Amino acid sequence: MKPFEFFGPTRYVFGEGVTEQVGGVLADAGWKKVLLVYGQGSVAKSGLLDRVKESLGAAGVAFAELGGVRPNPEVALVREGIGIARNERVDAILAVGGGSVIDCAKAVGFGALHDGDVWDFFSGAAQVTQCLPIAVVLTIPAAGSEGSSSCVISNDELGAKNGTNGDAFRPRVAFMDPTLTYTLPPYQTAAGVTDMIAHVCERFFSGVGPVPVTDLIATGIVRALIEAAPVALDNPQDFDARANIMWAGTLAHNDIAGCGRSLGAGRAGGWESHALEHAISAFDTSITHGAGLAVIMPAWMRYVWREDPERFLLFGQEVFGIEPLEEGDEGFEGAGTARAWAVEATIDELAAFFQSMGMPASLDEFGLAPENIDAFCDLVAKARGEEFGCFKKLGREDVRAIYELAF
Ligand code: NZQ
Ligand code: ZN
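On to the site of ligand 1, then. Of all residues adjacent to ligand 1, which total 33 residues, the nearest are Q40, S42, G99, S100 and S148. Backbone polar atom of L180 to a nitrogen atom of ligand 1: 3.0 Å apart, as the coordinates give it. Protein coverage of the free-state accessible area of ligand 1, which is 960 Å², stands at 89%. Tallied by class, the residues present in the shell around ligand 1 amount to eleven nonpolar, 19 polar and three charged. Domain assignment of the residues forming the shell around ligand 1 places at least three in each of domain 1 (11-180) and domain 2 (186-405).

Now the structure itself:
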């Protein structure tokens with residue numbers, strides 16, 4: 001087990017009806033005025049936004065508003081939010097939505113305390129050390145931003161989608177009511193589950209050997225998701241399935257599934273699949289992050305597994321009960337082949353699970369074409385450098401080969 005720090009400052013308030021507590025909890029924290037950040041309509045339509053406003057009003061917490069955050073949130077709206085946060089002198093930012101809204105809120109929260117432009121934090125010119133407090137009412141379990149130290153923002157002018165990390169902007173409190181997710185379209189439910197599994201896998205396949213306690217948490221999260229997802233897709237109002245998915249999304253990305261699995265300082269894993277996915281959703285901002293991962297991650301796995309087959313065998317055993325063939329089994333052609341069969345079967349099962357939820361199997365389903373691969377490679381290099389990754393170092397030709405596998 002490698003050295004690690006686990007920092008989990010978020011207070012999670014979980015269960016049906018917890019939104020009623022928003023105003024009281026924020027008032028108790030001493031926040032007198034907040035910036036309410038939300039997306040493009042779902043929270044207005046469901047009535048949640050009004051309920052949050054009522055709760056704030058009843059507790060005497062004033063608010064300013066920043067609505068219209070799009071999926072793959074863009075830096076222009078962040079800048080607008082920073083202006084409002086400063087003019088209105090808010091004490092905290094309250095995100096009501098999913099990863100896009102939360103990340104926009106986080107960027108407003110640290111951008112408001114920065115003298116230069118907020119993109120400095122995404123270009124690598126500055127490191128986040130301080131942030132206005134962030135509170136969250138989560139409406140879609142997916143990105144895990146409600147407990148994470150990540151923030152991902154797009155810059156359409158530069159054609160970029162970059163992330164930054166910092167403990168300063170981990171949310172202070174997250175309200176998580178599974179019933180709020182009943183209205184999620186199947187595609188968003190499925191993309192969210194895919195993203196969670198990717199968050200576990202990025203850490204699980206991190207270039208570090210077994211860490212049983214963490215490995216079993218990780219594979220347990222994936223098993224719970226594989227069990228709950230079809231139930232929620234079949235019956236969107238199944239409380240337990242929705243609740244398990246919601247909490248799994250947090251555990252998949254608050255770093256508990258990576259303790260002791262980091263090669264260096266900081267988060268476990270090289271986040272290779274995320275780097276390749278962020279390039280395609282920067283290239284076409286209408287692409288849903290989780291759906292992109294459903295295609296990219298199996299392609300990455302097929303390309304890299306030979307670096308450390310044991311990790312894949314463990315994943316296959318724990319998640320799908322797949323064991324390598326043994327002498328005497330039908331199809332057995334030697335130990336090496338049997339292991340390769342088990343790893344390939346594991347990756348096939350995972351990809352088949354994503355597709356069973358309605359996720360795509362190939363990048364061409366997004367309208368992308370192999371001719372776009374050069375542009376994707378440029379975007380990856382711009383965000384992560386010419387060589388990156390932990391499980392296997394990826395140079396430009398490796399990245400290209402993985403994209404080719406994804407078509
Ligand atoms: O905008 P509205 O109308 O609210 O609709 C949203 C949006 O269209 C809709 N939605 C959300 N809650 C709903 C709902 N529709 C019906 N009922 C509800 N209860 O769902 C759509 C997707 O929302 P979004 O916030 O974009 O989803 P997600 O949570 O998947 O966030 C994706 C973003 O997070 C980034 C991704 O790259 C992407 O930009 N990530 C952030 C991470 C982090 N900060 O830790 C880590 C991730 O790896 C990821 O990169
Ligand atoms: Zn993700």
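From this point on, the discussion continues.
Moving on: the layout of surface pockets. Its volume calculated, the second largest pocket comes out at about 450 Å³. For the lining of the second largest pocket, the class distribution of residues is seven nonpolar, eight polar and six charged.

Here we take up the packing of helix 10 (residues 272-283) against helix 15 (residues 396-405). Taken N-terminus to C-terminus, the directions of helix 10 and helix 15 make an angle of 70°; their axes are 11 Å apart at the nearest point. With respect to each other, helix 10 and helix 15 are oriented roughly perpendicular. The chirality of how helix 10 crosses helix 15 is right-handed. The residues of helix 15 that touch helix 10, namely those facing L276, A279 and I280, are V399, I402 and Y403. For the contact of helix 10 with helix 15, the class distribution of residues is six nonpolar, no polar and no charged.

Attention now goes to the domain arrangement of the chain. Entries for the chain in the domain assignment read domain 1 (11-180) and domain 2 (186-405). Placing a centre on the C-alpha atoms of domain 1 and another on those of domain 2 gives a separation of 27 Å. Each partner contributes to the interface: domain 1 provides 30 residues, whereas domain 2 provides 27 residues. Across the interface of domain 1 and domain 2, roughly 2100 Å² is buried in total on both sides, 59% from carbon and sulfur atoms. When residues of domain 1 are sorted by the area they lose upon contact with domain 2, P141, K161 and P178 head the list and together hold 25% of the total.

The rules behind these values
- Residues numbered from 1 in each chain as written.
- Chains lettered and ligands numbered in written order.
- Predicted model: local features only at pLDDT ≥ 70, side-chain atom pairs only at ≥ 80, totals over all residues.
- Heavy atoms only, no water.
- Near = heavy atom within 4 Å.
- Polar contact = N/O pair within 3.5 Å; in protein donor to acceptor, adjacent residues only side chain to side chain.
- Areas by Shrake-Rupley, 256 points an atom, 1.4 Å probe, with all protein chains shown as cover.
- Nonpolar A, V, L, I, M, F, W, Y, C, P; charged D, E, K, R; others polar.
- Domains from an automatic or database assignment.
- 1 Å grid on protein atoms, 1.4 Å probe; cavity = no way out; pocket = protein on both sides within 12 Å on 5 of 7 lines; lining within 4 Å.
- Points joined across faces, edges and corners; volume = space filled by probe spheres on them.
- Axes fitted to C-alpha atoms, helices over the stretch in contact; angles between N-to-C directions.
- Helix = DSSP H or I, 4+ residues; strand = E, 2+ residues; numbered from the N terminus.
- Parallel < 35°, antiparallel > 145°, perpendicular 65-115°, else oblique.
- Left-handed = near helix turned anticlockwise from the far one by under 90°.
- Contact = heavy atoms within 4.5 Å.
- Buried area = accessible area lost by both parts, 1.4 Å probe.

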